[in-house]
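Residues per chain, in single letters:
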Amino acid sequence: MEDLRDILAGSGFAFKKKFGQNFLTDANLLDAIVRDAGVGEDTTVLEIGAGAGALTRALSKAAKRVLAYEIDASLKPVLAHTLAGCENAEVAFGDFLRADLAALEEELGSYRVVANLPYYVTTPVVMRFLEEAKRCTGLTVMVQQEVALRFTAQPGTADYGAVTAAIALKGEARIMRRVPRTMFTPRPNVDSAVVCIDFVPGRIPVQSEGAYRAVVRCAFAGRRKTLENNLMNTFRLPRERAKALLSEAGIADMVRGETLSPADFARLADVLHARGIA
Ligand code: SAM
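Reference entry: report on the structure contained in this document. (Residues numbered from 1 in each chain as written. Predicted model: local features only at pLDDT ≥ 70, side-chain atom pairs only at ≥ 80, totals over all residues. Heavy atoms only, no water.)

**Concerning the overall build of the protein chain**
Broken down by element type, the protein chain carries 12 helices and 9 strands. Dimensions of the protein chain along its principal axes, counting C-alpha atoms only, are 70 × 40 × 30 Å. Counting the 278 residues in the protein chain, one finds 50% classified as buried. Here the contacts in the protein chain between residues at least 6 apart in sequence split such that 67% fall between residues at least 24 apart. Surface exposure of the protein chain reaches about 12900 Å², of which carbon and sulfur atoms provide 49%. (Helix = DSSP H or I, 4+ residues; strand = E, 2+ residues; numbered from the N terminus. Buried < 20%, exposed > 50% of the residue type's maximum accessible area, 1.4 Å probe, protein only. Contact = heavy atoms within 4.5 Å. Areas by Shrake-Rupley, 256 points an atom, 1.4 Å probe, with all protein chains shown as cover.)

Printed below as a string of structure tokens:
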């Protein structure tokens, strides 16, 4: 295939910073990402942020089917060129955050997400799949290095946060490879990493995912406060009640929420859920 940079230049395409358009062109790296994602001939892929279609094309060679979303309709002619002959790939133009995920899942069946997104949409997109998806088997996302550290952080570290705990409920996040900024056109100001999150149903058993999310939000609401104080504020509980609930969940009352493991959050969520508090 013609060099992607030539196709872009030939089509008169202008990169849009507001959409975080930093494209990959290196064929070896693209193939490596497809391998990282574990995409095979039985895999249906939902790609978010097709860009100029280099990753879409690499995915289409390995996958059963690729449905790619792209917000920027001015990429239509470029994508028509890049994806010529890729019969199992199609592009839907629109903002993925506004897409009807339930209807998409109905159409796709079981699928895997692969996305190289701008930093400001990565977390909302990942959260969407963690909270709403029913048929997603996992996510492979290119993120800024520091976001990769947040996704894979251990309890009690500065990077550990609400997103880490939300991911841990569904699967384990692993950094597959680091991708230096020099691999992108145009070159961004930060380095990136490919992160895989394979969904494991029932990984951390919890009665109510909603209660788990409420507990996590509460724990990180005031990061420097004790969990007891955060519980009192969030759920409007007297101190003695908050202490008793923590004790019932086997959690010391003076801890800060950021030191709790996802399994601790799940136990506390079960206690609050059973009492009708969360
Ligand atoms: N996948 C391509 C690659 O790897 O070279 C492009 C990656 S580029 C970092 C991100 C792409 O996501 C851009 O083409 C941008 O227009 C698109 N994008 C940004 N926000 C989006 C959204 N909310 N929904 C769909 N696509 C979006």
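**Some points on the site of the ligand**
Every one of the 19 residues lining the ligand counts as a neighbour, but Leu24, Gly49, Glu70, Asp95 and Asn116 are closest to it. The side chain of Glu47 places a nitrogen or oxygen atom 3.4 Å from a nitrogen atom of the ligand. Across the shell around the ligand, the residue classes tally to 9 nonpolar, 7 polar and 3 charged. (Near = heavy atom within 4 Å. Polar contact = N/O pair within 3.5 Å; in protein donor to acceptor, adjacent residues only side chain to side chain. Nonpolar A, V, L, I, M, F, W, Y, C, P; charged D, E, K, R; others polar.)

**Here's the deal with the pattern of salt bridges**
Applying the stated criterion across every chain, the model contains 20 salt bridges. The partner of Glu258 in a salt bridge is Arg223, with the nearest N and O atoms 2.8 Å apart. Note that Glu258 is positioned in the loop between α11 (239-248) and α12 (262-274) and Arg223 in the loop between α9 (209-221) and α10 (227-235), a separation of 35 residues in sequence. Residue Arg223 is classed as partly exposed on the basis of its relative accessible area, which comes to 28%. Where Glu228 meets Arg239, a salt bridge forms, and the shortest distance between an N and an O atom there is 2.4 Å. Note that Glu228 is positioned in helix α10 and Arg239 in helix α11, a separation of 11 residues in sequence. When its relative accessible area of 2% is taken as the criterion, Glu228 is described as buried. For Arg239, a relative accessible area of 37% translates into the label partly exposed. Within this structure, Glu131, Lys170, Glu209 and Arg213 form a network of salt bridges that share partners. (Salt bridge = Lys/Arg side-chain N within 4 Å of Asp/Glu carboxyl O.)

**Describing the environment of Ala221**
Looking at the secondary structure, you find Ala221 in helix α9. As a C-alpha pair, Ala221 and Ala32 span 189 residues in sequence and 38 Å in three-dimensional space.

**Focus on the packing of α9 against α10**
One can describe the packing of α9 onto α10 by two numbers: an axis separation of 8 Å at closest approach and a directional angle of 120°. The two elements α9 and α10 cross, and the hand of that crossing is right-handed. Where α9 abuts α10, its residues Ala214, Cys218, Ala219 and Ala221 lie against Leu227, Asn230, Leu231, Thr234 and Phe235. Residues of the contact of α9 with α10, tallied by class, amount to 7 nonpolar, 2 polar and no charged. (Axes fitted to C-alpha atoms, helices over the stretch in contact; angles between N-to-C directions. Left-handed = near helix turned anticlockwise from the far one by under 90°.)

**Let's talk about unusual backbone geometry**
Between Thr185 and Pro186 the backbone carries a cis peptide bond, its omega angle lying at -15°. Positive phi outside glycine occurs at Arg236, with the angle close to 50°. Position of Arg236 among the secondary structure elements: in the loop between α10 and α11. A relative accessible area of 75% places Arg236 in the exposed class.

**Points about the packing of helix α6 (residues 119-132) against helix α8 (residues 162-170)**
Closest axis-to-axis distance for the α6/α8 pair is 10 Å, and the angle between their directions is 35°. For the crossing formed where α6 meets α8, the hand is left-handed. Facing Thr123, Met127 and Leu130 of α6, the residues of α8 in contact are Val163, Ala166, Ile167 and Lys170. Broken down by class, the residue content of the contact of α6 with α8 amounts to 5 nonpolar, 1 polar and 1 charged.

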